[in-house]
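Understanding the architecture of this molecule
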Amino acid sequence: YIGFFIILGGILHLIDAFVVDGWKNKLLGAFIALMYLIAGVLMIKYPAASAAWFTLFLAVFFVFVGIFRIIIGFQLRKENSGWGWTVISGVAAIILGILIFNQWPVSGLWVIGLFVSIELIMQGISTITVAMSVRSLQRSVKKTTQ
């Protein structure tokens, strides 16, 4: 189930990366989506594989996704007041990756469900905050042009 949800998250990330007009981070957004898709496909394709290897892959995944989110957050700094949440989301992903590495391979017994949930919640908060900031900016622009 986790693999299917990760694939769904990757598809939604990919759509988001290319649908939003003026989004200057399309390549990084698409790369994050690709990482989600790869993680999901691997989890579905090799269900009998050791949870420890999936956990190690997730550790690498979280560190790279975190780095890219931090870059995106700082690129949004001038245009969007919600940029800080994107950076916090990236930092959280990196911390999760480090926590996995520090307790690997034992972490393979419990970490996948817990950390994927935390990661998706952080990404959701980040996305909602950025969207609300953009909406607020659009409203203020409409008021000044009327």
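Structure: see above.
Before going into details, it helps to say that this report is about the structure given with it. Each chain carries its own residue numbering, running from 1 in the written order of its sequence. Only residues with pLDDT of at least 70 are given local features in this predicted model, and only at 80 or more are side-chain atom pairs given and counted; all residues enter the totals for whole chains, interfaces and linings. Neither water nor hydrogens contribute to the side-chain values; these are computed over all heavy atoms in the structure.

Attention shifts here to the overall build of the chain. Helical segments are the DSSP runs of H or I of at least four residues, strand segments are the runs of E of at least two, and each set is numbered from the N terminus. When you go through the chain residue by residue, the secondary structure sums to five helices and zero strands. Listed by position from the N terminus, the elements making up the chain come as α-α-α-α-α. When its C-alpha atoms are laid out on the principal axes, the chain stretches across 60 × 25 × 20 Å. In this scheme, a residue with accessible area under 20% of its type's maximum is buried, one over 50% is exposed, and one in between is partly exposed, where area comes from a 1.4 Å probe on protein chains only. Within the chain, the proportion of its 146 residues that are buried is 39%. Contacts between residues were defined by any pair of non-hydrogen atoms, one from each residue, lying within 4.5 Å. Look at the contacts in the chain between residues 6 or more apart in sequence, and 73% of them connect residues 24 or more apart. Areas reported as accessible are Shrake-Rupley estimates using a 1.4 Å probe. Residue values count occlusion only from the protein chains shown. Of the roughly 8700 Å² that the chain leaves accessible, carbon and sulfur atoms contribute 73%. The convention is simple: Lys and Arg are positive, Asp and Glu are negative, and His and the chain ends are not counted. In this description, the location of a charge corresponds to atom NZ of lysine, CZ of arginine, CG of aspartate or CD of glutamate. When the 10 basic and 4 acidic side-chain charges of the chain are each reduced to a single mean position, those positions are 5 Å apart.

Next up on the list: the nonpolar core. Among the nonpolar cores identified, the biggest contains 21 residues, and Ile6, Ile32, Leu58, Phe61, Phe62 and Ile100 are the most heavily contacted of them. Contributions of two or more residues to this core are made by helix H2 (26-45), helix H3 (51-76), helix H4 (83-103) and helix H5 (111-145). Examining the composition of this core, we find that nine residues originate from one element, H3, more than from any other. Put simply, a nonpolar core is a bunch of buried Ala, Val, Leu, Ile, Met, Phe, Trp, Tyr and Cys residues held in one set by side-chain atoms that sit within 4.5 Å of each other.

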